[in-house]
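Inside the fold
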Amino acid sequence: MSLTSDPTVDPEARTDPGEEAAVRDHDYAALKVVPLRHPWRWVAVAATAVLLAQFLNGLVTNPGWEWDVFARFITAEAILHAVWVTIQLTFYGTVTGFALGIVLAFMRLSDSPFLRGVSYAYIWAFRSIPLIVQLLFWFNLAYLYKELEFGIPFGPGFVSFDTMSLVGAMSAAVLGLALHQAAYAAEIVRGGVLAVDGGQLEAAAALGIPRLRQLRRIVLPQAMRSILPNAANEIISLFKGTSIVSVMAIGELFYQVQVVYGRNGRVVPLLMVATAWYILLTTLLSVLQHYVERHYAKGAVR
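Structure report, in brief.

About the thresholds
Residues numbered from 1 in each chain as written. Predicted model: local features only at pLDDT ≥ 70, side-chain atom pairs only at ≥ 80, totals over all residues. Heavy atoms only, no water. Helix = DSSP H or I, 4+ residues; strand = E, 2+ residues; numbered from the N terminus. Buried < 20%, exposed > 50% of the residue type's maximum accessible area, 1.4 Å probe, protein only. Contact = heavy atoms within 4.5 Å. Areas by Shrake-Rupley, 256 points an atom, 1.4 Å probe, with all protein chains shown as cover. Core = buried A, V, L, I, M, F, W, Y, C linked by side-chain atoms within 4.5 Å. Salt bridge = Lys/Arg side-chain N within 4 Å of Asp/Glu carboxyl O. Axes fitted to C-alpha atoms, helices over the stretch in contact; angles between N-to-C directions. Parallel < 35°, antiparallel > 145°, perpendicular 65-115°, else oblique. Nonpolar A, V, L, I, M, F, W, Y, C, P; charged D, E, K, R; others polar.

Focus: the overall build of the protein
Tallying secondary structure elements over the protein gives 13 helices and two strands in all. Each of the 302 residues in the protein was classed as buried or not, and the buried ones make up 28%. Taking the contacts inside the protein whose residues are at least 6 apart along the sequence as the reference set, 71% of them involve residues at least 24 apart. For the protein, the exposed surface amounts to about 20,300 Å²; the carbon and sulfur share of it is 65%.

With respect to the nonpolar core
If you look at the biggest cluster of nonpolar residues, it comprises 24 residues, and the most contacted ones within it are L89, Y122, L177 and V245. Listing elements by their share of this core, those giving two or more residues are helix 4 (77-108), helix 5 (113-128), helix 6 (131-139) and helix 9 (169-194). For this core, the element with the most residues is helix 9, which contributes eight residues. With residues up to four places along the chain from it excluded, the contact list for L177 reads L89, L131, L135, L238, T242 and V245. Residues V83, L253, Y278 and L281 belong to the second largest nonpolar core, which totals 16 residues.

Here we look at the pattern of salt bridges
When their charged atoms lie close together, side chains carrying opposite charge are able to pair. Under the defined criterion, the tally for this structure stands at three salt bridges. Notably, a salt bridge pairs R266 with E66, separated by 2.8 Å at the nearest N-O pair. Remark: E66 occurs in the loop between helix 2 (39-61) and helix 3 (67-73) and R266 occurs in the loop between helix 12 (253-264) and helix 13 (267-296); sequence separation between them is 200 residues. Given the relative accessible area of 35%, R266 is considered partly exposed.

Section: the packing of helix 4 against helix 12
Close contact between helix 4 and helix 12 brings their axes to 8 Å; oriented N to C, the two are set at 155°. Between helix 4 and helix 12, the angle is such that the two are roughly antiparallel. On helix 12, the residues touching A78, I79, A82, V83 and T86 of helix 4 are L253, Q256 and V257. Across the contact of helix 4 with helix 12, the residue classes tally to six nonpolar, two polar and no charged.

Here we look at unusual backbone geometry
We note that E66 has phi near 50°; this positive angle belongs to a residue other than glycine. The class for E66 is partly exposed, based on a relative accessible area of 24%. For A249, which is not glycine, the phi dihedral falls at a positive 60°. Assignment of secondary structure puts A249 in the loop between helix 11 (211-241) and helix 12. For A249, a relative accessible area of 51% gives the class exposed.

Just distances and angles here, no functional claims.
Here's what the structure looks like:
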């Protein structure tokens, strides 16, 4: 006599697993699959397409854009020279700014409270003061200091330079852009270094690898993956921000465009000339950023 309440299972009544699977497949095949509908997505696509078509139609048909004037000045000698000045300002400001920014970043990471304090004070000051104020300050440096001397601190000087001839408009612009850029570059580099796992440095130290080689071969290659996107944004912002040096009458792109449309009154097409050059050079910087990021992503991105 059975001691349980379970019903007796007839071995001959058991269903074959293959037959069960076939029944399930048949039931699933009988189901009607209806794709998920997104009506509002199509409404948004249609509205955006209409607005884009209207905008492009206005660019082509509106005579106010004066595309003939645009075509005449886009490669004018004065404009090309101004583009070259803009590229020079961006290059010198970027190289000098990031070189100083790297030094400031490692000062912030130093164990010395004095170095950390100096670096923090620099970053705080140059991020707080507007760029245009910094540029005008360096442009008028000769008002405060007639000459610069190099010699014994608080003692006699051996070599002196006339500030008026030493710091001209172009050098003042590069100096102002570089010092301003250094404050932001320092935080970008510091953030990238902090993103590297500290255990790798401990392992490198245990292997007896010198500190400078640890920095060059272990820390910076990995930190570059975090540094590059933000650094590229800063370089592009600096490239467009060079237009602010027009207050110092430097013949960069925006200033030269202002000079030309001040003479002929063709404001809109000349502004489009500046816009086209900014878009072109920014696109080239973005392409360069892509390849540099791909280089430093080796081994991390499959």
